[in-house]
Amino acid sequence: MKKPIIAGNWKMYNTISQSCDLASQLVESLSLVKDVEVIICPPFTSLSEVTKIIKNTNIRLGAQNIYFEKEGAYTGEISPLMVKDVGCDYAIVGHSERRKYINEDNPLVNLKVRTTLEAGLYPIMCVGESLEEREKGVHEEIVYIHVTGGLLGLSEEEVKKVIIAYEPVWAIGTGKTATPLDAQSMHKFIRNTLSKMYNEDIANSVRILYGGSVKPENIKSLMAESEIDGALVGGASLTASSFERIVKFME
Ligand code: 13P
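Rules of the game
- Residues numbered from 1 in each chain as written.
- Predicted model: local features only at pLDDT ≥ 70, side-chain atom pairs only at ≥ 80, totals over all residues.
- Heavy atoms only, no water.
- Near = heavy atom within 4 Å.
- Polar contact = N/O pair within 3.5 Å; in protein donor to acceptor, adjacent residues only side chain to side chain.
- Areas by Shrake-Rupley, 256 points an atom, 1.4 Å probe, with all protein chains shown as cover.
- Nonpolar A, V, L, I, M, F, W, Y, C, P; charged D, E, K, R; others polar.
- Buried < 20%, exposed > 50% of the residue type's maximum accessible area, 1.4 Å probe, protein only.
- Pairing = 2+ DSSP bridges.
- Helix = DSSP H or I, 4+ residues; strand = E, 2+ residues; numbered from the N terminus.
- Axes fitted to C-alpha atoms, helices over the stretch in contact; angles between N-to-C directions.
- Contact = heavy atoms within 4.5 Å.
- Phe/Tyr/Trp six-rings, centres within 6.5 Å; stacked < 30°, edge-to-face > 60°.
- 1 Å grid on protein atoms, 1.4 Å probe; cavity = no way out; pocket = protein on both sides within 12 Å on 5 of 7 lines; lining within 4 Å.
- Points joined across faces, edges and corners; volume = space filled by probe spheres on them.
- Expected span 1.5 Å × (residues − 1).
- Core = buried A, V, L, I, M, F, W, Y, C linked by side-chain atoms within 4.5 Å.
- Salt bridge = Lys/Arg side-chain N within 4 Å of Asp/Glu carboxyl O.

Engineer: Report on the site of the ligand, specifying residues and quantitative values.
Structural biologist: Around the ligand, the surrounding shell consists of Asn9, Lys11, His95, Glu167, Ala171, Ile172, Gly173, Gly212, Ser213, Leu232, Gly234 and Gly235. A distance of 3.0 Å separates an oxygen atom of the ligand from a polar side-chain atom of asparagine 9. In this structure, an oxygen atom belonging to the ligand sits 2.6 Å away from a main-chain N or O atom of glycine 173. Coverage of the ligand by the protein chains reaches 96% of its 310 Å² of free accessible surface. Taken together, the residues of the shell around the ligand break down into three nonpolar, seven polar and two charged.

Next up, the structure:
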């Protein structure tokens, strides 16, 4: 049985003091949770303070992005070694907002996944189709390209460390969630793709999260699906009480 993961992506919200307040509230409400891997991904500017607050607790830290080189003359970029140094164990890679606004493509996502792994971090690689692609019926093709492109060249040992987040773009921040069955069916498709790329054991060991308008009201029904190993939560991770209810699968 894989341990479920609930990860909060705070996106470009929260000053340092707001981040510290939220992290402190989460430490208080989630300190007894043992059966869920809880990850929070604050903005870069808050990492060094939040890391102190969650030290020696069950809450893990993730970065929202990293650069694909470990160091060098790359003004404004942040190395995976730097986020590791500040206390992160995870890094989100290829989020749809970066694919859309910063033009990140699959080869770049692949480079980032590789560097993240080399730095000793677990990548949370986001994949997912747009509304237009879903309406055209090409959602599986798109997700296939995201998965195979993002994982290109990874060894079996490496791919086992990757966490995949299926986030249909049309469900992000819109209040529209994929139905648990839609999500289950895409997760199954991703699992089959992994099985073809590697083998069934590897495919079963990779954790696949769902993301897109996850709320306390829908977490239970999503988690009831056998292929859904957890959630990547945006908006509802910005309030301690709603994130707590999601982590505890409470409506
Ligand atoms: P929402 O939960 O706000 O829809 O965001 C999902 C997401 O993009 C998490 O990475």
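So much for the structure itself; the text now carries on.
Engineer: Hey, could you go over unusual backbone geometry for me, with residue numbers and the actual values?
Structural biologist: Phi is positive for asparagine 14, which is not a glycine, with a value near 85°. Of the residues examined, asparagine 14 reaches a relative accessible area of 22% and is grouped as partly exposed.

Engineer: Mind laying out the sheet that holds strand E5 (residues 122-127), listing which residues take part and the relevant values?
Structural biologist: Around the barrel, eight strands lie side by side as E1-E2-E3-E4-E5-E6-E7-E8; this closed barrel has parallel pairing. Across this sheet, the average inter-strand angle for adjacent strands is 25°, counted without regard to direction. Strands in contact with helix H5 (residues 106-118) are strand E4 (88-93) and E5; relative to E5, the strand with the most contacts, it is inclined by about 160°. Along the sheet, helix H12 (residues 240-247) contacts strand E1 (5-9), strand E2 (37-41) and strand E8 (230-233); its crossing angle with E1, the most-contacted strand, is approximately 160°.

Engineer: Residues and numbers for the packing of aromatic side chains, please.
Structural biologist: Scanning the entire structure with this criterion turns up four aromatic pairs. A connected cluster of aromatic rings, assembled from ring pairs, spans Tyr67, Phe68 and Tyr74.

Engineer: Tell me about the layout of surface pockets, and please be specific about residues and values.
Structural biologist: Estimates place the volume of the largest pocket at around 400 Å³. Forming the walls of the largest pocket are 14 residues, and the residues nearest its centre are Lys11, Met12, Gln64, Asn65 and Arg98. Elements with a minimum of two residues in the lining of the largest pocket: helix H2 (44-54) and helix H4 (96-101). Counting residues per element, the lining of the largest pocket draws most heavily on H4, at three residues. Looking at the lining of the largest pocket, its residues break down into six nonpolar, five polar and three charged.

Engineer: Describe the pairing of E1, listing the residues and the values that go with them.
Structural biologist: Of all five residues making up E1, five are buried, and the element is well covered by its neighbours. Burial along E1 is two-sided: the face carrying Ile5, Ala7 and Asn9 and the face carrying Ile6 and Gly8 are both buried. By the bridge criterion, five bridges tie E1 to E2 in an arrangement that is parallel. Pairing of asparagine 9 across the sheet is with cysteine 41, part of E2.

Engineer: Describe helix H1 (residues 16-30), listing the residues and the values that go with them.
Structural biologist: When the terminal C-alpha atoms of H1 are compared, their 21 Å separation across 15 residues agrees well with the 21 Å that a helix rising 1.5 Å per residue should span. Listed in full, the buried residues belonging to H1 are Ser19, Cys20, Leu22, Ala23, Leu26, Val27, Ser29 and Leu30. Looking at the buried side of H1, the elements it contacts are E2, H2, strand E3 (59-63) and H12.

Engineer: Can you explain the nonpolar core? Please cite residues and give values.
Structural biologist: By size, the foremost hydrophobic cluster in this structure holds 63 residues, and its most contacted members are Ile40, Leu151, Ile164 and Ile190. Not counting chain neighbours up to four residues away, the residues in contact with isoleucine 190 comprise Val127, Val143, Val147, Ile164, Tyr166 and Ile208. Counting residues in each nonpolar core, the second largest holds twelve residues, with Tyr90, Ile92, Ile124 and Leu209 among its members.

Engineer: Pulling in residues and values, what's your account of the pattern of salt bridges?
Structural biologist: Side chains that differ in charge, positive against negative, can pair when their charged atoms come close. Under the criterion given, the structure shown has 15 salt bridges. Between glutamate 157 and lysine 160 there is a salt bridge, with its nearest N and O atoms 3.3 Å apart. Among the residues examined, glutamate 157 registers a relative accessible area of 48% and is labelled partly exposed. The partly exposed category is assigned to lysine 160, whose relative accessible area is 38%.

Engineer: Give me the side chain of serine 46: which residues, what numbers.
Structural biologist: Turning to its location among the elements, serine 46 is positioned in helix H2. For serine 46, a relative accessible area of 0% translates into the label buried. Ignoring sequence-local partners within four residues, the contact set of serine 46 consists of Asn14, Thr15, Ile16 and Ser19.

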